[in-house]
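Coordinates in review
Next come the chains, spelled out residue by residue.
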Amino acid sequence: EERDFPREFLYIADELFCDGRDPHPLLEPFLRINDDTWLSLRGKPQRVALFRNGLRWQGDFDLERIAELGLHVGVIVAGDIEVGGVFSQLTYTYPGCILVSGDVRATSFGHGDSHMHVLGDVRVDNIVYGEYNDGSLRIGGSVHGRAFITSGHSMHAEGDYHLPVCDWDMD
C-alpha cells in the first residue's frame, strides 16, 4: 500500500512494548508521565513508537504523522528533536503520551491534548503554545523564544523562562 509518507522516515522509527519485553531506560519514565498512563499501559502489549537517535526533520512535523506507521499508544524520542519548521501535536487524537529525553529545537512548537514531557530545553525562534485541560506540557529545562502561550493546567517549565509568558487561565 502506498502512503503519502517519506520512505526514509520509516527507517528511523522503532518500537517498544509496554510489557517490558525489550528493556529500555526510557520506558519507565514514559509509563510515569501521568497516573492514567501508568495504570492503563503497564504490562500490556501496547506499542510505543521509539526514535532511538532523536528526531530530525526538514519542514513542519506534526506527531499525528506517526499514526501512519501504525497505531502506537505513544512516542519516546531518545535524544533531541530538531525540526526545520513547526513541531506540533495539535490534533486532540494522537499520540496520548510523548517523552523526549533531550531538547526540542524548532521554528515554533504547538501542543494539544496529549501528555508531553520534554526532559531538556525547548528553543524556538517564535512561539511555544500549549493548550487543553486534560493534557500536560512539562519541560524539564528552560524555554527560549519570543513567547510561551498557555491555556490549560500543567503547561510549564521547571527551568528558566527566557521569553514572556501568557497564561490565558490566569488573571
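Residues numbered from 1 in each chain as written. Predicted model: local features only at pLDDT ≥ 70, side-chain atom pairs only at ≥ 80, totals over all residues. Heavy atoms only, no water.

As a further point, take the sheet that holds strand β18 (residues 161–162). Reading across from one edge, β3-β6-β9-β12-β15-β18 is the order of the six strands in this open sheet, with parallel pairing throughout. The open sheet is flanked by β3 (55–57) and β18, the only strands paired with a single partner. Looking at chain direction, β3 and strand β6 (residues 81–83) are connected through three bridges and run parallel. Bridging across to β6, W57 finds its partner in V83. (Pairing = 2+ DSSP bridges. Helix = DSSP H or I, 4+ residues; strand = E, 2+ residues; numbered from the N terminus.)

Turning to the pattern of salt bridges, a few remarks are in order. If you walk through the whole model with that rule in mind, you get nine salt bridges. In this structure, R52 and D14 form a salt bridge, with 2.7 Å as the shortest nitrogen-oxygen distance. You can see R52 sitting in the loop between β2 (47–51) and β3 and its partner D14 sitting in strand β1 (residues 14–17), a full 38 residues away along the chain. For D14, a relative accessible area of 35% translates into the label partly exposed. It is possible to trace a salt-bridge network through shared partners that takes in D80, E82, D103 and R105. (Salt bridge = Lys/Arg side-chain N within 4 Å of Asp/Glu carboxyl O. Buried < 20%, exposed > 50% of the residue type's maximum accessible area, 1.4 Å probe, protein only.)

On their own, these measurements won't tell you what the molecule is for.
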